[in-house]
Structure formats: structure tokens, C-alpha cells
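Chain by chain, the residues:
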Amino acid sequence: MSLATAHAVPVRRRAMTWSRAREAARELATAHLASGARDAPVTHLPLAEAPGAALAAAVTARVAVPGTDTAAMDGYAVAGRGPWRVVGRVLAGRPNRVDRLRPAEAVEIATGAPVPAGTVAVLPYERAERAGDRVAGPAVPGRHVRRRGETVPRGAVLAPAGTVVTPALLGLAAGTGHDELPVRRPRVAALVTGDEVLPAGLPVPGAVRDAIGPMLPGVVRWAGGVLAHSAYVGDGRAGLVAELRAAAADPWTEVVAVCGASSAGPADHLRDALDALGADIRIAGVACRPGHPQVLAVLPGGPLVVGLPGNPNAALVAALTLLVPALAALAGRPDPAHAGRHARLAAQVDRHPADTRLVAVRVRDGHAVPVGGDGPAALRGVAVADALAVLPPGDTAGPVELLELPR
Ligand SMILES: Nc1nc2c(c(=O)[nH]1)N[C@H]1C(S)=C(S)[C@@H](COP(=O)(O)OP(=O)(O)OC[C@H]3O[C@@H](n4cnc5c(N)ncnc54)[C@H](O)[C@@H]3O)O[C@H]1N2
Ligand code: MOO
């Protein structure tokens, strides 16, 4: 079944509402994953790089923990009935000179050290009465001995595929012998369009420094993906078609983000290029300000294409609207922008009659304070903001939803 028919997102050529667009991006990516059109490659990441990623496969214990019967308290490992004669000392991590106890013998032992064979219990120091090489006390059989595999049996499933890696999971994985974890990180290619866009250096009048390309690696990573390729493309349909075709030819690329060329001007070729490639355009325009001219499409048998407007703040808003939900779904993670925070607006902000406004705010004591500088071309607001306040069209009283900004 082709992707065009595999999912329920209806084809829309008119602007979609902002909240529906975010759901649709997630649904489309989920259907895309399920269709197997692009198999997300499994990446094995060192533990330190894995937090926040979703497991691509279940993690199982490579060894039993503890690996042998060990003492759970500092004190004496005892055999048979007391009182006992202390025949040595066993410390964790040191060679064990006493590997077997006979009845009425004991060794002084440290927490975590392997108990000698024959141990029936560990008698903690607090309960022990020591006199010379004799020790006595109430030792209950089995007490304070951690049996091999008691904490984690070898081969036990520790976390199923899809679990988001947390510090606790890292500790668990490390404790059972893992140095790396298999995670899913959808690969993204970025095409930054525009003859006037400079990748580096001081922009001369008539040129602009690329302000979107530098945002994308962090945005993509925050959503659980990895920016695997980026290219600058001049204005012109042929170049864009060629770059889109090349990106689609890489079997591991799951999403292509195209920056600019999304609107109605003479150099805005994205729709034409998508049509030329036979793409299925699912979203063409989202009813939000900024970020109106967004696109979500599927190339035949291939990756999703997200079109971001050329204005940098509009591009960021569009990334939070379509790219981040789609990537998070492909990565098997919750949408990081959607943390469920709400706040009261600290100042009157005009609503748009038809579109959802996304307003840069700082959040202080449950109040969202607009910071300004958040027009379509301006990043000054979002650069110092904590979140975007979501203002649906029309007049609505009460707390507003906050959209988290990439960190
Ligand atoms: N007749 C219409 N004109 C425009 C419409 C419309 O609906 N009808 N929509 C406006 C809106 S809203 C936006 S947003 C922009 C979107 O423009 P494009 O996506 O087509 O992007 P460009 O035209 O290539 O560039 C717009 C603007 O952004 C600058 N730019 C482009 N790329 C970058 C970059 N990587 N870094 C920094 N700045 C960039 C570019 O120089 C332009 O100034 O269209 C409106 N027009
Ligand atoms: O909505 Mo545009 O996206 O104003 O910048």
C-alpha cells in the first residue's frame, strides 16, 4: 500500500488549523513508520549520548546482578550456628582469601563483597558482639545475603523498545554490562534555499546570513533526530528538484526540511518541485502567525518533506508545528514542545481573527510576559524567551497553552 493511501490525513490544499496541523504531522509520521517505507536505522550510541533517545530494541541484562552471592551489609558472613570463630576478612574488589566457611566459622565482610561458600547469613556490625577472634549475635538464615541474580536475573528484559532513555535507565544498563544502547534517530536532510542566503561571513546589502541552518541541528536533535546532511540550493526549480531527488535516493533519510521557497513569489519553487517529483502534498499552509506558508508532503516511496518559510522566526514556528511532531513520532518519543504547560498572559495581546498566534514569552510565577521582537523575520524575541504562548483565533479568556522552545 502506498503512503498516499496508508493513513487517514486528508489532502488539504487550504490552510489547516495550527493544532490540527501538529496532529496531522504526528499521524503522518506514525503511518510512515508503520508502512516501513523507510526503515529507521538503529544507531548504537555510547551511554553518555543516549539520554532522551527512544530504544530501538528491548534492553536485556547481559549478566546477572549481583554476579555472585554477596553481602548486603557490613559485618560478618557466618556459617552454621554461632558463636563463630573469625577466620579472615573479605573486602569488595579484593581477592577473596576465604572462599569457604565451615560450620561455626565467620569472616568479616564488606557490603558488596562475595560471601564465601557455606555462608548462611550476614550479621551486621550493629548486631554483632565481638571478643577477640569470637563473634556472636542473632543471625537469621538468608538474612543480608544478596543472592546471585536477585537484583537482575541474566537475560531479564529491563526496558522494552520505545522506552525513552533516562539517567536511571543508563545506570541500569551500565550495571548489567552495556556500554552502548540501540536507539532510533530519524535522519534529516536540510536544503536551505535562496540565492541571497550566505552560509558564512558578513552579509553585504542584498544578502542575508543563513539564520535557519544553524538552528536546525539543535531543533532536530531535541526532537530525537539527527541532521545528517545539509546543502545550500539556489533559487530555481531544477536545482531544488535535483537536491530533493538526491535526498530521497538516500534510503536512510526519513525527512527532508526545505527552508524558504515556500510562499508565492517568483523564486518560491517548492510546490512546483514537489509536483514535478509526484509528491503527495498533505499540508499546504497552516493557519498560524508567523509560519503560515508551511508544507508537509511525502515523496513517492520515500521521505517526508517539511517546507519551512524563509523568514527565520516563521521557520522556527513551522519547525515546532510540523517538523518536531513528525520527528518525535518517528523517534518514538513524546513531542518535546508539548509539555502541557499553561500560563496567564501578563499583558493584553491581540488575537488574529483567523490564525493562531505564537507569541514569544518569558514565564514568571505562572505568568507569560511577552518579550516582543517576534515578527516573522525576527529571532530577537525567541532567542531570549522561555516559550511561545499559543493564542488561538478569536477572544479567549483564561490561561494559554505554552509551546516549549528547543533547548
Ligand atoms: N504574495 C505573498 N507573499 C508572501 C506570502 C504570501 O502568502 N503571499 N507569505 C509571506 C510569508 S507569511 C512568509 S513567512 C514568507 C515566506 O517566504 P518563503 O518561504 O517563500 O521564503 P523566501 O521568499 O525565500 O524568503 C523570505 C524571507 O526570508 C529570508 N530568508 C530566506 N531564507 C533565509 C535563511 N536561511 N536565513 C535567513 N533569512 C532567510 C529571505 O531573504 C526573505 O527576506 O513569504 C511572505 N511573502
Ligand atoms: O506567517 Mo509568515 O510565516 O508571516 O512569516
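Cut-offs and rules
Residues numbered from 1 in each chain as written. Chains lettered and ligands numbered in written order. Predicted model: local features only at pLDDT ≥ 70, side-chain atom pairs only at ≥ 80, totals over all residues. Heavy atoms only, no water. UniProt positions renumbered as here; feature names shortened; annotations may be inferred. Helix = DSSP H or I, 4+ residues; strand = E, 2+ residues; numbered from the N terminus. Rg over C-alpha atoms; globule rule 2.2 N^0.38 Å. Buried < 20%, exposed > 50% of the residue type's maximum accessible area, 1.4 Å probe, protein only. Contact = heavy atoms within 4.5 Å. Areas by Shrake-Rupley, 256 points an atom, 1.4 Å probe, with all protein chains shown as cover. Near = heavy atom within 4 Å. Polar contact = N/O pair within 3.5 Å; in protein donor to acceptor, adjacent residues only side chain to side chain. Nonpolar A, V, L, I, M, F, W, Y, C, P; charged D, E, K, R; others polar. Axes fitted to C-alpha atoms, helices over the stretch in contact; angles between N-to-C directions. Parallel < 35°, antiparallel > 145°, perpendicular 65-115°, else oblique. Left-handed = near helix turned anticlockwise from the far one by under 90°. Pairing = 2+ DSSP bridges. Salt bridge = Lys/Arg side-chain N within 4 Å of Asp/Glu carboxyl O.

Where an unreviewed UniProt entry is consulted, the protein appears under the name Molybdopterin molybdenumtransferase, with the organism given as Marinactinospora rubrisoli. According to the UniProt record, the Sequence similarities (unreviewed entry) comment for the protein reads "Belongs to the MoeA family." Quoted verbatim from the Cofactor (unreviewed entry) heading of the UniProt record, the comment on the protein is "Mg(2+)".

## Section: the overall build of the protein
Along its length, the protein carries eight helices and 28 strands. For 407 residues, the compact-globule estimate of 2.2 N^0.38 gives 22 Å, and the protein exceeds it by more than 25% at 30 Å. When its C-alpha atoms are laid out on the principal axes, the protein stretches across 95 × 50 × 45 Å. By residue count, 46% of the 407 residues in the protein fall in the buried class. In the protein, the proportion of contacts linking residues at least 24 apart, taken out of those at least 6 apart, comes to 69%. In the form shown here, the protein has an accessible surface area of approximately 18,500 Å², with 54% of it arising from carbon and sulfur atoms.

## A word on the site of ligand 2
Surrounding ligand 2, one finds Arg289, Pro290, Gly291, His292, Pro293, Asn311, Ala314 and Pro376. For ligand 2, an oxygen atom lies 2.6 Å from a polar atom in the backbone of Gly291. Measuring from an oxygen atom of ligand 2, one finds a backbone N or O atom of His292 at 3.0 Å. Here the residues of the shell around ligand 2 sort into four nonpolar, three polar and one charged.

## As for the packing of helix α2 (residues 18–35) against helix α7 (residues 312–331)
Where α2 contacts α7, the two axes come as close as 8 Å, and the packing angle between them is 30°. Here α7 runs roughly parallel to α2, going by the angle between their axes. The interaxial crossing formed by α2 with α7 has right-handed handedness. Residues Trp18, Ala21, Arg22, Ala25, Arg26, Ala29, Thr30, His32 and Leu33 of α2 touch α7, and the partners they reach there are Leu320, Thr321, Leu322, Pro325, Ala326, Ala328, Ala329 and Leu330. For the contact of α2 with α7, the per-class residue count stands at 12 nonpolar, three polar and two charged.

## Things to note about the side chain of Glu404
Relative to the helices and strands, Glu404 is located in strand β28 (residues 400–404). Relative accessible area serves as the criterion here: at 11%, Glu404 is assigned to the buried category. Only 2.8 Å separates the side chain of Glu404 from the side chain of Arg341, close enough to count as a polar contact. Leave out the neighbours within four places in its chain, and Glu404 touches Trp222, Leu320, Pro336, Ala337, Ala339, Arg341 and Asp386.

## Considerations on the site of ligand 1
Ligand 1 sits among 19 residues. The nearest are Glu196, Asp210, Ser262, Ser263 and Gly310. One nitrogen or oxygen atom from the main chain of Gly310 is found 2.8 Å from an oxygen atom belonging to ligand 1. Within the backbone of Asn311, an N or O atom sits 3.3 Å from an oxygen atom of ligand 1. Among the secondary structure elements, those contributing two or more residues to the shell around ligand 1 are β17 (208–209) and α7. Residue composition of the shell around ligand 1, by class: 10 nonpolar, five polar and four charged.

## What to know about the pairing of strand β20 (residues 280–284)
Burial analysis of β20 places five of its five residues in the buried class, the great majority of the element. Pairing of β20 with strand β22 (residues 295–298) involves four bridges; the strand directions are antiparallel. Following the sheet pairing, Asp280 is matched in β22 by Val298.

## Details of the UniProt feature "domain: MoaB/Mog" (unreviewed entry) in the protein
Mapped onto the present numbering, the UniProt feature "domain: MoaB/Mog" (unreviewed entry) falls at residues 189–329. Secondary structure within residues 189–329 divides into 32% helix and 30% strand; the distance between the first and last C-alpha atoms comes to 17 Å.

## A short note on the pattern of salt bridges
Counted according to the given criterion, the structure contains 15 salt bridges. In this structure, the salt-bridge partner of Arg187 is Asp250, at a minimum N-O distance of 3.7 Å. With Arg187 in strand β15 (residues 187–193) and Asp250 in the loop between α5 (237–249) and β19 (253–259), this residue pair connects regions lying 63 residues apart in the sequence. By relative accessible area, Asp250 is classed as partly exposed at 23%. Arg341 serves as the salt-bridge partner of Glu404, at 2.8 Å between the closest nitrogen and oxygen.

## Side note on the pairing of β15
Within a regular beta strand, the side chains point alternately toward one face of the sheet and then the other, so they alternate between its two faces. With six of seven residues buried, β15 lies mostly within the body of the structure. Across seven bridges, β15 lies against strand β18 (residues 226–233) in parallel orientation. Bridged to Val192 within β18 is Tyr232. In terms of strand pairing, β15 meets β19 through six bridges, oriented parallel. Opposite Val188, over in β19, you have Val255 as the bridge partner.

## What about unusual backbone geometry?
For residues that are not glycine, phi is negative in most cases, and the peptide bond is trans in most cases. Here the residue pair Gly82 and Pro83 is connected by a cis peptide bond, since its omega of -5° sits within 30 degrees of zero. Tracing the backbone through its elements, the reader meets Pro83 in the loop between β6 (75–78) and β7 (84–90). Omega for the bond connecting Arg289 with Pro290 falls within 30 degrees of zero, at -10°, which places this linkage in the cis form. With respect to the helices and strands, the residue Pro290 is situated in the loop between β21 (286–289) and β22. One non-glycine residue, Ala261, lies in positive phi territory at about 60°. Assessed through its relative accessible area of 11%, Ala261 is described here as buried. Notably, Asp365 is not glycine yet its phi reads approximately 50°, a positive angle. Residue placement: Asp365 occurs in the loop between β25 (356–364) and β26 (367–370). Residue Asp365 is classed as exposed on the basis of its relative accessible area of 78%.

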